[in-house]
Amino acid sequence: MFLERILEEKKKEVEQLKQRRDAFPETRAVRRSLSQALKEGPQQFGLIAEVKKASPSKGLIRADFDPTAIACRYASAGAQAVSVLTDKTFFQGDLSYLTSIRKVVDLPLLRKDFIIDRIQIDESVAFGADAILLIAAALEQKQLTDLCRYAQKRGLEVLLEIHTEEELAPAIEAQPDVIGINNRNLHTFDVSLDVTRRLIRHIPQTIPVVSESGISTPEVMQELQTLGLSGVLVGEFLMRQEDVADGIHYLRGVPAR
């Protein structure tokens, strides 16, 4: 239900975007590698920290929301990358967050949105993303492969998100740079870490894999590393902390600095 509503809105946004595509600025920025950054975390277990103001299921998550300040705290706490929600309608995000964060943080930036068309990839390049999110549940196989290839051609890496066994083969065939296992069902928004425990066994070890959603304790972090994942993507838990940097230190089981 949630996903279908979001995708209908995205189709409208894409049509509007195509009418003003000439507004994209020319950029020649050096791209940073998300997949490589994940290998640089403690014990080669990375953390992608998310800048996220709200969500359709939880509403407003953080009232005192300053995306650049939050991203700077993430960087100071040793995050390997920053995920930036850019969807306005459902997550109260904005593309401008990418641009402002890029000016102050020298980490890979993942544009997290519902990307269904090549023009959104062109837009991502223009606004300073290093990687984009593609969601298997939102795309047919041909779309998935086409968008993945096009993003990589434009110099972006792709984090391809899956939630079910049925999405495994299409995801692997698309050859993304990173696979994300989302523990949240995008139709119901229910969360279960069993999704990661089940799916990780079927993904080739040559592909970096991160777990997303429902990660809020150092014990879960340790379990996921033991399962062979390359890292995690954490949003809501960090955004609810008074100091987001302390949240990262807590998850990693180290004293706050």
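Structure: above.
We now turn to the structure provided with this report.

Criteria and cut-off values
Residues numbered from 1 in each chain as written. Predicted model: local features only at pLDDT ≥ 70, side-chain atom pairs only at ≥ 80, totals over all residues. Heavy atoms only, no water. Buried < 20%, exposed > 50% of the residue type's maximum accessible area, 1.4 Å probe, protein only. Helix = DSSP H or I, 4+ residues; strand = E, 2+ residues; numbered from the N terminus. Contact = heavy atoms within 4.5 Å. Polar contact = N/O pair within 3.5 Å; in protein donor to acceptor, adjacent residues only side chain to side chain. Pairing = 2+ DSSP bridges. Right-handed = clockwise from strand over helix to strand, strands pointing away. Arc of directions from axis to C-beta. Phe/Tyr/Trp six-rings, centres within 6.5 Å; stacked < 30°, edge-to-face > 60°. Axes fitted to C-alpha atoms, helices over the stretch in contact; angles between N-to-C directions.

## Concerning helix H5 (residues 118-126)
Then comes step 1: When you tally the buried positions in H5, you get eight out of nine residues, the bulk of the element.
Then comes step 2: Those residues of H5 that fall on the buried side of the exposure criterion are Ile119, Gln120, Ile121, Asp122, Glu123, Ser124, Val125 and Ala126.
Then comes step 3: Its buried side turned inward, H5 meets helix H1 (2-18), strand S5 (109-112), strand S6 (131-135) and helix H6 (141-153).
Then comes step 4: Among the residues of H5, the N-terminal cap falls to aspartate 117, whose side-chain oxygen and the backbone nitrogen of isoleucine 119 are separated by 2.9 Å.

## A word on the pairing of strand S10 (residues 231-234)
Then comes step 1: Of the two faces of S10, the one holding Gly231 and Leu233 and the one holding Val232 and Val234 are both buried throughout.
Then comes step 2: Across four bridges, the pairing between strand S1 (residues 46-51) and S10 is parallel. By the bridge assignment, glycine 46 is partnered in S10 with glycine 231.
Then comes step 3: When strand S9 (residues 209-212) meets S10, the two strands line up parallel, connected through three bridges. Counterpart to serine 211 in the pairing with S10 is valine 232.
Then comes step 4: Handedness of the β-α-β unit built from S9, helix H9 (residues 218-226) and S10 comes out right-handed.

## Some details on H9
Then comes step 1: Taken together, the buried positions of H9 are occupied by Pro218, Val220, Met221 and Leu224. Buried residues of H9, viewed axially, fall in a sector of 160°; they line one side. Turned more than 90 degrees from where H9 packs its buried face, Glu219, Gln222 and Thr226 sit exposed.
Then comes step 2: Check the buried side of H9 and you find it contacts S1, helix H8 (194-199), S9, S10 and helix H11 (244-251).

## Focus: the packing of aromatic side chains
For any pair of aromatic rings, the description consists of the separation of the ring centres together with the inter-plane angle of the planes.
Then comes step 1: Overall, the coordinates contain three aromatic pairs when judged by the stated rule.
Then comes step 2: Judged by centre distance (6.0 Å) and plane angle (35°), the rings of phenylalanine 237 and tyrosine 250 are tilted. One end of the pair, phenylalanine 237, is in helix H10 (residues 236-239); the other, tyrosine 250, is in helix H11, and 13 residues separate them in sequence.
Then comes step 3: On the basis of relative accessible area, phenylalanine 237 is assigned to the buried category, the value being 18%.

## Thoughts on the sheet that holds strand S8 (residues 178-182)
Then comes step 1: Spatial strand order, S1-S4-S5-S6-S7-S8-S9-S10: eight strands in a closed barrel with parallel pairing. The sheet shows a mean angle of 25° between the axes of neighbouring strands, taken without regard to direction.
Then comes step 2: Sheet topology places strand S4 (residues 81-85) next to S5; four bridges connect them, and they run parallel. Each bridged residue has a counterpart across the sheet, and for serine 83 the counterpart in S5 is leucine 110.
Then comes step 3: Of the strands in this sheet, S6 and strand S7 (157-162) touch H6, which is tilted by about 180° from S6.

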